[in-house]
Amino acid sequence: MESHPHATVPPPATADLAEAIGNTPLIHLRRASEATGCNILGKAEFMNPGGSVKDRAALAIIQDAEQNGLLAPGGTIVEGTAGNTGIGLTLVGNSRGYRCVIVMPETQSQEKIDFLRMIGADLRLVPAKPFRDPGNYVHVSRRLAAEMRGEKGGAIWANQFDNLANREGHRATTGPEIWHQTAGAVDAFTCSCGTGGTLAGVALALKGRNPAVKIVLADPEGSGLYGWVKSNDLTVTGSSITEGIGQSRVPANLEGAPIDDAVRIPDAEALEYIYDLLIHEGLSVGGSSGINVAAAVRVAKTLGPGHTIVTVLCDGGSRYQSKLFNPEFLRSKNLPSPPWINA
Ligand code: PMP
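Residues numbered from 1 in each chain as written. Predicted model: local features only at pLDDT ≥ 70, side-chain atom pairs only at ≥ 80, totals over all residues.

Colleague: What exactly am I supposed to notice about the pairing of strand β5 (residues 122-126) here?
Modeller: For a regular strand, side chains alternate in direction, first toward one face of the sheet and then toward the other. Pairing between strand β4 (residues 99-105) and β5: five bridges, direction parallel. Of the residues in β5, the one forming a bridge with P105 is V126. Taking the sense of rotation as the criterion, the β-α-β connection linking β4, helix α4 (residues 110-118) and β5 turns out right-handed. (Pairing = 2+ DSSP bridges. Helix = DSSP H or I, 4+ residues; strand = E, 2+ residues; numbered from the N terminus. Right-handed = clockwise from strand over helix to strand, strands pointing away.)

Colleague: Whenever I open this one, the sheet that holds strand β6 (residues 155-157) confuses me. Can you help?
Modeller: Ordered in space as β5-β4-β3-β6, the four strands form an open sheet in which the pairing is parallel. Edge strands, defined here as strands with exactly one partner in the open sheet, are β5 and β6. Between one strand axis and the next, the sheet turns through 15° on average, direction left out of account. Of the pairings in the sheet, the one linking strand β3 (residues 76-80) to β4 comprises five bridges and is parallel in character. In the sheet register, E79 faces β4, and the bridge partner there is I102. (Axes fitted to C-alpha atoms, helices over the stretch in contact; angles between N-to-C directions.)

Colleague: I would appreciate a short explanation of the site of the ligand in the present structure.
Modeller: Surveying the vicinity of the ligand reveals 19 residues, the closest of which are G194, T198, G244, S288 and C314. A breakdown of the residues in the shell around the ligand according to their chemical character gives five nonpolar, eleven polar and three charged. (Near = placed C-beta within 6 Å. Nonpolar A, V, L, I, M, F, W, Y, C, P; charged D, E, K, R; others polar.)

Colleague: Just to check I follow, could you spell out the packing of helix α10 (residues 267-281) against helix α11 (residues 287-303) for this structure?
Modeller: A packed helix pair is summarised by two numbers, namely the angle formed by the two axes and the spacing between the axes. Between α10 and α11, whose axes approach to 8 Å, the crossing angle comes to 100°. Between α10 and α11, the crossing angle belongs to the class labelled roughly perpendicular. On the side of α10, the interface is formed by E269, A270, L271, Y273, I274 and L277, while α11 contributes G287, G290, I291, V293 and A294. Per-class residue counts for the contact of α10 with α11 are eight nonpolar, two polar and one charged. (Parallel < 35°, antiparallel > 145°, perpendicular 65-115°, else oblique. Contact = placed C-beta atoms within 7 Å.)

Colleague: What should I look at first to understand the packing of helix α6 (residues 165-172) against helix α8 (residues 197-209) in this one?
Modeller: Where α6 meets α8, the axes come as close as 7 Å, and the angle between the chain directions of the two elements is 45°. Accordingly, the angle class assigned to the pair α6 and α8 is oblique. The chirality of how α6 crosses α8 is right-handed. For the pair α6 and α8, contact is made by N166, R167, E168, G169, H170 and R171 and by G197, T198, A200, G201, V202, L204 and A205, respectively. Split into classes, the residues belonging to the contact of α6 with α8 amount to four nonpolar, six polar and three charged. (Left-handed = near helix turned anticlockwise from the far one by under 90°.)

Read these as geometric descriptors, not functional statements.
Written as structure tokens, this is what we have:
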């Protein structure tokens, strides 16, 4: 009989939402594996309670602030985010009595905006500006947190880019989970970066157990990180329709991470994997996951058959229905549409 998850003993009841974060499945990606002769595995982070890998960073940042006496019930958490960290912070915040003020560029998907409002975030949309501009969402959130510090219960700035609690959360959970789920038989790990917390945390955990594990940064077209890894050149050359990844700087969470190589993935290539995973394997994933799986296939081709490559399925496709599954939007970007959706 085919194995079924319910045939195994499920974990015991959790105390609260926080304990339901992490311990996500590691899913064999059949077609990517067959195409390369490798074993390509996707860490199903879209199965976290808030629907993304960022639940882990949100929880780690909140726990760290609590342990340092910076946050107590009634307090406020302020953060600048592409959306997913805001969702994680708001849900964990709701479960512990914190209010969340979320600053987000207005260019991010309507689905994330709607969901943040639905779950009670105090959402402040700002125009998208480069990091060097004082109007950039990160700077706006930092100033807001400073202004609110004196309010009842106090306010913290989560500061996911430079707060090392983020990557520490991944070093302590995501990395060891991958190690255990592969019984240590992992040859390479590849992942795109927003804050770099996922890549750096997992890289530190895996290299600490086996220094031969190859760590490859996956970057969308136009981002500066590919050039940073390849030739120490952070120049930004364009843009991508993917959200939450790509950088014009090296956040503290990425600094010093043991990275061996980088690949750069065009949006059209990422979309091919997103559509293929959905229609042939039933996996509904977002843009960064497409970049990650495309990168895993490239790494597999470089390493040759017989290797195990792990990557991250960061969030779900429904978060980007109005973009990645909208022929009109895709046409405006000169990109292919899902073949089963009529224009
Ligand atoms: N994918 C998605 C969809 C995200 O929202 C983010 C974070 N903004 C990432 C990937 C990147 O994760 P990290 O911040 O850990 O680099």
